[in-house]
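Structural overview
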There are 4 protein chains.
Amino acid sequence: MGSVWKNKLSLSIFGQSHGEAIGMMLDGLPAGEAIDMAELQQYLSRRAPGKFPWATPRKEDDVPEFLSGVVDGMTCGAPITAVIRNTNTISKDYSGLKDVPRPGHADYTAQVKYGGFQDVAGGGHFSGRLTAAFCIAGGICLQILQRRGVRVGGHVAAVGGEADTLFDPVNVQDFAKLDRMDFPVLDESAGARMVELIDLVRGEGDSVGGMVEVAVTGLPSGLGEPMFDGMENQIAKLAFAIPGVKGVEFGAGFEAAKKRGSENNDPFYYKNGQVLTKTNHHGGILGGITSGMPLVFRTAIKPTPSISVEQDSVSLSRGEAAKLAIKGRHDPCIVPRAVPCMVAVAAVAVLDAML
Amino acid sequence: MGSVWKNKLSLSIFGQSHGEAIGMMLDGLPAGEAIDMAELQQYLSRRAPGKFPWATPRKEDDVPEFLSGVVDGMTCGAPITAVIRNTNTISKDYSGLKDVPRPGHADYTAQVKYGGFQDVAGGGHFSGRLTAAFCIAGGICLQILQRRGVRVGGHVAAVGGEADTLFDPVNVQDFAKLDRMDFPVLDESAGARMVELIDLVRGEGDSVGGMVEVAVTGLPSGLGEPMFDGMENQIAKLAFAIPGVKGVEFGAGFEAAKKRGSENNDPFYYKNGQVLTKTNHHGGILGGITSGMPLVFRTAIKPTPSISVEQDSVSLSRGEAAKLAIKGRHDPCIVPRAVPCMVAVAAVAVLDAML
Amino acid sequence: MGSVWKNKLSLSIFGQSHGEAIGMMLDGLPAGEAIDMAELQQYLSRRAPGKFPWATPRKEDDVPEFLSGVVDGMTCGAPITAVIRNTNTISKDYSGLKDVPRPGHADYTAQVKYGGFQDVAGGGHFSGRLTAAFCIAGGICLQILQRRGVRVGGHVAAVGGEADTLFDPVNVQDFAKLDRMDFPVLDESAGARMVELIDLVRGEGDSVGGMVEVAVTGLPSGLGEPMFDGMENQIAKLAFAIPGVKGVEFGAGFEAAKKRGSENNDPFYYKNGQVLTKTNHHGGILGGITSGMPLVFRTAIKPTPSISVEQDSVSLSRGEAAKLAIKGRHDPCIVPRAVPCMVAVAAVAVLDAML
Amino acid sequence: MGSVWKNKLSLSIFGQSHGEAIGMMLDGLPAGEAIDMAELQQYLSRRAPGKFPWATPRKEDDVPEFLSGVVDGMTCGAPITAVIRNTNTISKDYSGLKDVPRPGHADYTAQVKYGGFQDVAGGGHFSGRLTAAFCIAGGICLQILQRRGVRVGGHVAAVGGEADTLFDPVNVQDFAKLDRMDFPVLDESAGARMVELIDLVRGEGDSVGGMVEVAVTGLPSGLGEPMFDGMENQIAKLAFAIPGVKGVEFGAGFEAAKKRGSENNDPFYYKNGQVLTKTNHHGGILGGITSGMPLVFRTAIKPTPSISVEQDSVSLSRGEAAKLAIKGRHDPCIVPRAVPCMVAVAAVAVLDAML
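Residues numbered from 1 in each chain as written. Chains lettered and ligands numbered in written order. Predicted model: local features only at pLDDT ≥ 70, side-chain atom pairs only at ≥ 80, totals over all residues. Heavy atoms only, no water.

**Topic: the interface of chain A and chain D**
Interfaces are often sized by the accessible area lost when the parts come together. Taken residue by residue, the interface counts 40 residues in chain A and 40 residues in chain D. Here chain A packs against chain D, burying approximately 3100 Å² in sum over the two surfaces, 63% of which is carbon and sulfur. Among the residues of chain A in contact with chain D, Met1, Leu67 and Phe117 of chain A are the three that bury the most area, contributing 21% of the side total. Inspection of the chain A/chain D interface yields two salt bridges. (Contact = heavy atoms within 4.5 Å. Buried area = accessible area lost by both parts, 1.4 Å probe. Salt bridge = Lys/Arg side-chain N within 4 Å of Asp/Glu carboxyl O.)

Written out as structure tokens, the structure is:
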């Protein structure tokens, strides 16, 4: 039941990487919301692979087919279902993964949980490919949010040791430019160093992790519920649905742990009759509820576990050590592709809270 | 509805800091589980205030009264409800907080959300005091887990810039000693520096943040569901219910973002017929599902926003700037008291996954 | 986890008949709603036992203590918790019920489910006494609904073979009179016959079932969701939480099964610019969604299984047949007391849909 | 969000009658369960239209395409998604239904709820066609139940005033014969009278309602949770997702309302070391929990609202009375097709409780 999230919106995600199709069902949207398919496709292409020299060369068209919920380009109140066919799957024997699990992947835990019946091809239901389905939901929510004056944007905050500058959480930078960049960063020289690092790592058959930062602007105050259904709870729950995420922090996050109250507290003040805070260490959320300041969070993305250098593993059938060298080319760094995914996480959580 | 978490277990938390009582209802536990009330009380006392010179002097007895679900010291299958009376509340006028919200607190966001009807006394439903109710649930789950061979422990990983050593995630240290310590740390000299720092900060009328690390040992592999209901999703959702938490990370967490795949991947090997990993950067969770290695996570706790130094705020009634000096003594550092809370978070999430 | 209902509102019900207390937690209500405690008590007294010569003589005061969520008589946005102490429990040995289950009760199924750890005293968590907690939630919702122009009323539609007239579903009778009646019926001569029948049955140590009809007026159209979360689904799910309910029907209900479409379809017409239907076989719900016509449903209540005539049962310990004669006096007919319970069911479901 | 049901299993249903496709996603099934596609198709064909002279002549192939969750004919643990394309839709102008709503249909309530954006073609998301998707889920669950010794069967219990004999609730008749009948009844002469009645009604351009009875045998005792998540609550919640259902009753149901306790209580006895009841007025459920006796319930199905005789309605655009004559041929009686739907309801609810 883990693939269904039900709050005010419901999001159900299905599919395996090399199955017939992946897709999503999104229920609970208001009727009468226009969905601009070209804009959605544009957004989905930000997640699509194959754009960079370093990215996995598997071409995914990622053109969703809408099976329900949209009539004449408008939501009709019924659940929206969209599927993406898996056309580009290479028919090969993945059964070895059931025997020799890839370190860092879900191969082993899925084997334990599903007793060998899991679909291992391309990672099955655990594949990062499923995030394309998540992004369909996110892209739809984004368009609805935008009409309500809420904008969501993100950037590659770090790749390995190379860090971008962070958003100014009080005056978040404009997202338009970021949305157009293949490698969205605030500091382009940092971006260049990141790309260089990725290229280096790729040459070594290795991979590298990173960090994504997302901000939401134009938010009304008062969104979210106390205790278990605050904005942090909801965003975190959704963020960990994206493969590779190992941490999430809001506002000053782990830096807040080092601070004093007198530094970390954000003083209130009035501007044009509106209550704002001079700083924004709280990341736009106090007590789980939005303050009206930009909502800011960062997620840690682990390095892609698929690397071509030989690794130690085990043979489950023989009960002994085994070496593993993963064939094929894989993304040496999924962080840029994770940016639209994290934007989707925020868009779904925020729209849900606004309904 | 945010104060009810419903999965296989259901946890409902109620009460306001200075209302009649706080409490919790926990539904879904198996019948026939013994609850050792002395052991539970011992566990609750780890969260209780007033133990340290620096802690808030408000004495809370935190002795829960069980209203339902326990017969002759055993769970009977019906929901367990326990309440703690708020006996030690000082009758005073809190209405000022509705006018001049405390920076870093939920005063302002609650005002927006509840239109001035929220209970502001002592933080109302947003108070850290509510974590005593959470800990009742956690303490019960802990006892059940222990009988199934699962142990949960935690320590103060950092206070301000002073850091404890972290758990060895492959061979997690014994929890027994930590459980007995007033200020649970692995490195006692680091602990001494933290205590010194807290004392310093207290003298300045300030507060300081920190970090809590929790580990779960003896876990079976295969717990958790993919996508939205993985162990990371569940723990994160519960962790952000504890006031002051601004970040959560699993295993290598944000450090993983800096690593290469070849460093971060944890090689599998066999030991006594069991599949283990040589390192544990994955924190015991792969694809949301437990691997059988220790589950390890850390949370960032912001500095208590209640400080006695004067702060800038606003008067909502007058629509203008206002100064605020919070009276009374407050915890200069809630991190040691957050340790049993985070243990409770883990215990609830893990037992839920095991049912 | 069965004792928690979570939708837009969350309702958690706890307690065992002879435990410390029973109670409820209701989360998700808007802040700033006045709760008239005298009016609530008045409503609760409609469910209270001991009013009639034929009713169980156990006196329950049913005066709830509010532990949270209400400040100065107003909802504060935090969950509302109220408890009723079980003061009038007779300390006696109920352990026999674990051995010789009462026919028609949950004794046997609870024994199987909870392996003998269930609280059998007075029916434990399965007792009809728990409906007092449900009625606290219902009574609060009723007051809020009333301020929004929505009224909920009910009557004893039948006791055994004696039937009251049913509501005119197009012009539902005024509820004020029903609310004041100890034995609420539309046709008082039918009521007299019911009372006579109950008296007869009581004299024989037997019990008798019946039917409750509830109507909701002043409802806006458009409430409810399609498929699983329609008004019928929600009301039915809640109604079966009341012990003894074995059936629920909306509008023409089982009579509709006998009808032709041309009879059963309710023609639309305009009255004062509003769309109404000339008849109301649909019971105010089409496709799960309110039409604006009165919402009408009936529930079948089985005869109280507690009867003093000797019955056949088994001894679980000896694995053989056993005779059972239930001591003490019990309600020979719970139907009049079920009326406010069914009103509560409707009030919770309808207010939830309106939020 | 109404089209997603989330318990231990999750069932999401999507599609509009004349949209691209309808379908379902079922999550939470154990891995390694074989799905016999031929058997599933056979089951789906029991719901398919066009078999009878009286049935709607629209041919629906109802051959589901599985997009996910099934690998080599076995469940793989990932959510199962199946879609049925809507190939046989007649392209015509349905917009009139937005103006002149059909009495007894959801046209008007959908118009209010979705503000005119709803998909009206063929009933949109409210169409009975969606039950084909529900039956895919039901058919899968049935196969899994059968391997666990649980059988589910149903019959047409009544059409208009013509009634079939009911199941013997103590020794439920064999389902094999019912499963093979186009018009499943226990008493074939009653079946012949029903068919005759349907034919008569069809000739008059009218429709007729009826009743479906379902039984589940081979059930373990102890399934279901108290209060809100009992078997009755769950089955009722799911049953009302099937269009046209206006009532549900368990065991003696509404007849129990007329009975005395001494008649209605089912005495326990031992047979071959197993506790059984001599009668089964409780329909296999006591306190929401299965007793091990056959689970029996009946649902009332209203007459199809689509009739060709002229009806009174309104023109919403002109705000005045309007006549409506529904063109095309429609099912004069959906009751026989509702039988597999109610079997599906039971199968989903029971398997969910067994997980």
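**Some details on the sheet that holds strand β3 (residues 21–27) of chain D**
Each strand in a sheet pairs with its neighbour through backbone hydrogen bonds, running either in the same direction (parallel) or in the opposite one (antiparallel). Residue and element names in this part refer to chain D. The strand order across the open sheet built from five strands is β1-β2-β3-β7-β4, with neighbouring strands paired in antiparallel fashion. Either end of the sheet is taken by a strand with one partner, and the two such strands are β1 (4–6) and β4 (65–68). On average, each strand axis in the sheet is tilted by 15° relative to the strand beside it, whichever way the strands run. Sheet analysis places β1 next to strand β2 (residues 10–15), joined by three bridges and oriented antiparallel. (Pairing = 2+ DSSP bridges. Helix = DSSP H or I, 4+ residues; strand = E, 2+ residues; numbered from the N terminus. Axes fitted to C-alpha atoms, helices over the stretch in contact; angles between N-to-C directions.)

**Points about empty space enclosed by the protein**
Gaps between atoms show up when a probe of the same size as a water molecule is rolled over them. This structure, assessed with the given rule, holds 10 cavities of 30 Å³ or more. Along its surface, the largest cavity is lined by 35 residues, and Lys6 of chain A, Lys6 of chain B, Lys6 and Asn7 of chain C together with Lys6 of chain D are the ones closest to its centre. Listed by contribution, the elements that provide at least two residues to the lining of the largest cavity are β1 (4–6) and α7 (231–239) of chain A, β1 (4–6) and α7 (231–239) of chain B, β1 (4–6) and α7 (231–239) of chain C together with β1 and α7 (231–239) of chain D. The class makeup of the residues in the lining of the largest cavity is 11 nonpolar, eight polar and 16 charged. The calculated volume of the second largest cavity comes to roughly 70 Å³. In terms of lining residues, the second largest cavity is bounded by Cys76, Gly77 and Ala78 of chain B, Ala110, Tyr114, Gln118, Asp119, Gly124, His125 and Phe126 of chain C together with Pro226 of chain D. A class-by-class count of the residues in the lining of the second largest cavity yields six nonpolar, four polar and one charged. (1 Å grid on protein atoms, 1.4 Å probe; cavity = no way out; pocket = protein on both sides within 12 Å on 5 of 7 lines; lining within 4 Å. Points joined across faces, edges and corners; volume = space filled by probe spheres on them. Nonpolar A, V, L, I, M, F, W, Y, C, P; charged D, E, K, R; others polar.)

**Some remarks on the pattern of salt bridges**
Two side chains of opposite charge can pair, provided their charged atoms sit close to one another. For the structure on display, the rule yields 96 salt bridges over all chains. Two residues, glutamate 213 of chain A and arginine 298 of chain A, come together in a salt bridge whose shortest N-O distance is 2.8 Å. Highlighted residues: glutamate 213 of chain A in strand β10 (residues 210–217) and arginine 298 of chain A in strand β16 (residues 295–301), separated in sequence by 85 residues. Close ionic contact of glutamate 249 of chain D with arginine 298 of chain D constitutes a salt bridge, the shortest N to O distance being 2.8 Å. With a gap of 49 residues between them, glutamate 249 of chain D in strand β11 (residues 245–250) and arginine 298 of chain D in strand β16 (residues 295–301) connect regions that are remote in the sequence. Overall, glutamate 249 of chain D belongs to the buried group, its relative accessible area being 8%. A cluster of three or more residues bridged by salt bridges with shared partners is formed by Lys6 of chain A, Asp229 of chain C together with Lys237 of chain D. (Buried < 20%, exposed > 50% of the residue type's maximum accessible area, 1.4 Å probe, protein only.)

**Overview of the packing of aromatic side chains**
Applying the stated criterion across every chain yields a total of 22 aromatic pairs over all chains. With a centroid separation of 6.1 Å and 50° between ring planes, the pair formed by phenylalanine 228 of chain A and phenylalanine 134 of chain B is classed as tilted. Of this pair, phenylalanine 228 of chain A sits in the loop between β10 and α7 while phenylalanine 134 of chain B sits in helix α4 (residues 131–147), which puts the two residues in different chains. Summarising the burial analysis for this pair, phenylalanine 228 of chain A and phenylalanine 134 of chain B share the class buried. Look at phenylalanine 167 of chain D and phenylalanine 175 of chain D: their rings are 5.8 Å apart centre to centre, the planes differ by 75°, and that puts the pair in the edge-to-face class. Both residues of the pair, phenylalanine 167 of chain D and phenylalanine 175 of chain D, belong to the buried class. The rings of Phe240 of chain A together with Phe250 and Phe297 of chain B are connected pair by pair, giving a single aromatic cluster. (Phe/Tyr/Trp six-rings, centres within 6.5 Å; stacked < 30°, edge-to-face > 60°.)

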